[in-house]
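Architecture at a glance
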Amino acid sequence: MRVLITGGAGFIGSHLVDRMIRDGHSVTILDDLSTGTRDNVEIHETNPEFRAVYDTILAVDAVDELVREADVVFHLAAAVGVKYIIENPLHSMRVNVRGTENVLEAADRHRTKVVLFSTSEIYGKSPTLPFREDADRLLGPTTIHRWAYSTAKAVDEILGLAYHEERDLPVVIVRCFNTCGPRQRGRYGMVIPRFVDQAIRNEPLTVYGDGTQTRCFGSVFDVVEGVTALLDCHEAEGEIFNVGSNEEVSILQLARRIRELTGSRSEIELVPYAEAYEPGFEDMMRRVPDLRKIHEFVRYEPSRKLDDILFSVIEHRRASA
Ligand code: UDP
């Protein structure tokens, strides 16, 4: 197949590139290198089955042309990372709403299948756990950037569903929970590479809030496997799937574990949310996916444990330090 991966130089996107190339597909990426890097796809640069276009998904004509040439589009290009979206609110909204619209409109014109990447931020701060795909969402005010991001991604999903329903466009939606692994960087907020970098430098590990908030960190390799399986599943079209892991850990436990595995002398420092992000910032105290649906459709089962993920990130961050 001819596969287009928007955001293909990003963290998850580049792992998907590896997988698609390995499966014998020809791959084009479209990436503006805002949070992605060329290093992530460097190994493919001499492969004739790989092509990189460094442009924005806001470029309507470029998007149209690339979608026309593809059999399937994995749409990952987005403004991501809690820190990034707080620092770039306008750009984030434009890319996350208009960019997705561009991709879906082009896909509709050329009848191209779309796998749309969404996020567990969709559920907001809902207290009803684990999060099921059809659950209610609970968001705070529009003045808080995190909820604006959640809203933008919800608009993407709604557009994707509408194209499926009204135009019969094959669209599959995946909601990634906290995904981690090699190539992820801490610059835009993501906690694991941040802690690992801090631990390697023996600097304080900055735990936000009191550290009792929990997350489930899934391996990027599991996520790529799940998404690849969904691509081949006709029944998945028009459906939304959680993907990730349900191994829950508190952020304080995570900091301690990273300190242990790196043999670091770092202290753990508690930083108030308002200082770390913005006044009025709200975190979700727990976030756990219900993974029954994706298991039912494609037998998805997260197979990498948190320690495996941490080892792989530590190795990668040490190599790039
Ligand atoms: N976090 C932290 N220290 C950091 C970065 C993040 O304690 O340096 C916390 C953050 O407040 C959240 C969790 O780690 O509770 C996961 O943050 P991340 O930004 O990786 O993903 P989120 O789940 O918030 O989208």
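Residues numbered from 1 in each chain as written. Predicted model: local features only at pLDDT ≥ 70, side-chain atom pairs only at ≥ 80, totals over all residues. Heavy atoms only, no water.

Time to look at the site of the ligand. Taken together, 19 residues sit near the ligand, with Arg194, Thr206, Tyr208, Arg215 and Asp283 positioned nearest. The side chain of arginine 146 places a nitrogen or oxygen atom 3.0 Å from an oxygen atom of the ligand. At 2.8 Å from an oxygen atom of the ligand is found a side-chain nitrogen or oxygen belonging to arginine 287. Burial of the ligand by the surrounding chains reaches 95%, relative to a free accessible area of 520 Å². Contributing elements (two or more residues each) for the shell around the ligand: helix H6 (191-200) and strand S8 (205-208). Classifying every residue of the shell around the ligand by side-chain character gives nine nonpolar, four polar and six charged. (Near = heavy atom within 4 Å. Polar contact = N/O pair within 3.5 Å; in protein donor to acceptor, adjacent residues only side chain to side chain. Areas by Shrake-Rupley, 256 points an atom, 1.4 Å probe, with all protein chains shown as cover. Helix = DSSP H or I, 4+ residues; strand = E, 2+ residues; numbered from the N terminus. Nonpolar A, V, L, I, M, F, W, Y, C, P; charged D, E, K, R; others polar.)

Our next topic: the packing of H6 against helix H8 (residues 251-262). It is at 10 Å that the axes of H6 and H8 come closest, and there the two elements cross at 40°. Between H6 and H8, the interaxial angle falls into the category oblique. You can see that H6 and H8 cross each other, and the crossing is right-handed. Residue-level contacts link Val191, Ile192, Phe195, Val196 and Ala199 of H6 to Ile251, Leu254, Ala255, Ile258 and Thr262 of H8. Residue composition of the contact of H6 with H8, grouped by class: nine nonpolar, one polar and no charged. (Axes fitted to C-alpha atoms, helices over the stretch in contact; angles between N-to-C directions. Parallel < 35°, antiparallel > 145°, perpendicular 65-115°, else oblique. Left-handed = near helix turned anticlockwise from the far one by under 90°. Contact = heavy atoms within 4.5 Å.)

What follows concerns the pattern of salt bridges. Across all of its chains, the model carries 28 salt bridges by this definition. A salt bridge links arginine 51 to glutamate 69; the shortest N-O distance between them is 2.7 Å. A residue pair is termed long-range when its members are at least 10 positions apart, and arginine 51 in strand S3 (residues 50-53) and glutamate 69 in helix H2 (residues 60-69) qualify at 18 residues. Looking at arginine 51, the relative accessible area reads 37%, which means it is partly exposed. Judged by its relative accessible area of 24%, glutamate 69 is partly exposed. (Salt bridge = Lys/Arg side-chain N within 4 Å of Asp/Glu carboxyl O. Buried < 20%, exposed > 50% of the residue type's maximum accessible area, 1.4 Å probe, protein only.)

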